[in-house]
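Chain by chain, the residues:
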Amino acid sequence: MTRIVAVANQKGGVGKTTTSVNLSAAIALQGQSVLLIDLDPQGNATSGVGIDPRSLQKSIYTCLIRQATPEEVVQSTDIKGLSVIPANADLAGAEIELVGLDGREHYLREAIKNIQTDYDVIILDCPPALGILTINALAAANSVLIPVQCEYYALEGLTRLIGSIERVQTLINPNLSIEGIVLTMFDARNSLARQVSEQVRGHFGDKVYQSVIPRNVTLAEAPSYGRPGILYNMASSGSQAYLSLAKEFLAHGEKSAR
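Computed from a prediction, not measured in an experiment: that's the story for all the values here. (Residues numbered from 1 in each chain as written. Predicted model: local features only at pLDDT ≥ 70, side-chain atom pairs only at ≥ 80, totals over all residues. Heavy atoms only, no water.)

1. Notes on a nonpolar patch on the surface
On the surface, a nonpolar cluster with roughly 350 Å² of combined accessible area is contributed by Tyr152, Tyr153 and Leu192. With respect to the helices and strands, Tyr152 occurs in the loop between strand 6 (143-149) and helix 8 (154-171). (Patch = residues over 30% accessible without salt bridge, like charges linked within 9 Å, V, L, I, M, F, W, Y side chains within 5 Å. Areas by Shrake-Rupley, 256 points an atom, 1.4 Å probe, with all protein chains shown as cover. Salt bridge = Lys/Arg side-chain N within 4 Å of Asp/Glu carboxyl O. Helix = DSSP H or I, 4+ residues; strand = E, 2+ residues; numbered from the N terminus.)

Below, the structure written as structure tokens:
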């Protein structure tokens, strides 16, 4: 069964897009067929795999408003096995256009239902808010992957997000589960980062991935070159962390399938 994973956190700046892009690329390098869907009007996941959002005639927006099919919109990337349904600023209109429609939370699920079996994994890069786009992602997904920055308010924000996920489970998608929690922007020299890591692990146990994403120059620089970090510099600690996370993610999926 295709794993459809929403990468979500209501807080901005925690590494959602960095995780979506680099995890997608790393999974593809493991021989899996991956579709990355950019659901953020900023289009950072789109530009992060080398596509200029300003050049798009069709995007996830045209899929959501039913003016194009995903087959018409999907694009290949420089990584074998990784495809993307891109986004641009037009997507901001979906927040307004979908809000008055019946079944508005299921438009993404309906849009991708005919193509999802073409892929082993579908990654949904969510915007940093619990609006209609994120709700559509949570309605379409099997699970949620939560990047958490190792900073002071991390645990408080994480608790609120899990509450939101539980409401979606109750009202919209009872099959939704928490895929896992990924600690991002970790600096081992920072005592607060270590404390936050210990708190999150103590509170959520084995839901927290062992792989930890460090603060890393490669991950910060790669988007400006339109490349995932693992293409920009595979030897960097950030790239190696995402390769490790991809292996852990795939092993978790195999265990769940048994």
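2. Describing the pairing of strand 4 (residues 82-85)
Residues of strand 4 alternate between two faces, with Leu82 and Val84 on one and Ser83 and Ile85 on the opposite face, all of them buried. As defined by bridge partners, strand 2 (residues 34-38) adjoins strand 4 across four bridges and the pair is classed as parallel. Bridge pairing in strand 4 places Leu35 opposite Ser83. The antiparallel pairing of strand 3 (residues 75-76) with strand 4 creates a hairpin that spans five residues between the two strands, and Gly81 there sits at a positive phi of about 95°. (Buried < 20%, exposed > 50% of the residue type's maximum accessible area, 1.4 Å probe, protein only. Pairing = 2+ DSSP bridges.)

3. Some remarks on helix 1 (residues 16-29)
Owing to its 3.6 residues per turn, the α-helix brings residues three or four apart onto one side. In this model, helix 1 (14 residues) spans 20 Å end to end at C-alpha, consistent with the 20 Å of a helix rising 1.5 Å per residue. Of all 14 residues in helix 1, twelve are buried; the element is thus mostly enclosed. The complete set of buried residues in helix 1 reads Lys16, Thr17, Thr19, Ser20, Val21, Asn22, Leu23, Ser24, Ala25, Ala26, Ile27 and Ala28. Phi turns positive, to about 95°, at Gly31, one or two residues after helix 1. (Expected span 1.5 Å × (residues − 1).)

4. A word on empty space enclosed by the protein
Applying the stated criterion to the full structure yields three cavities of 30 Å³ or more. In this structure, the largest cavity occupies an estimated 60 Å³ of space. Taken together, Asn9, Lys11, Val14, Val148, Gln149, Glu151, Ala154, Gly157 and Leu158 make up the full set of residues lining the largest cavity. Only strand 6 and helix 8 provide two or more residues apiece to the lining of the largest cavity. With three residues, the top contributor of residues to the lining of the largest cavity is helix 8. For the lining of the largest cavity, the residue count by class is four nonpolar, three polar and two charged. (1 Å grid on protein atoms, 1.4 Å probe; cavity = no way out; pocket = protein on both sides within 12 Å on 5 of 7 lines; lining within 4 Å. Points joined across faces, edges and corners; volume = space filled by probe spheres on them. Nonpolar A, V, L, I, M, F, W, Y, C, P; charged D, E, K, R; others polar.)

5. Topic: the nonpolar core
The nonpolar side chains of soluble globular proteins are, as a tendency, buried together. Grouped together as the largest cluster of nonpolar side chains are 52 residues, with contacts concentrated most on Ile37, Ile60, Leu124 and Ile146. Not counting the four nearest positions on each side in its chain, Leu124 is found in contact with Ile4, Val5, Ala6, Val7, Ile37, Leu39, Leu108, Ala137 and Ala141. Counting 32 residues, the second largest nonpolar core, distinct from the first, contains Leu36, Ala45, Val182 and Tyr209. (Core = buried A, V, L, I, M, F, W, Y, C linked by side-chain atoms within 4.5 Å. Contact = heavy atoms within 4.5 Å.)

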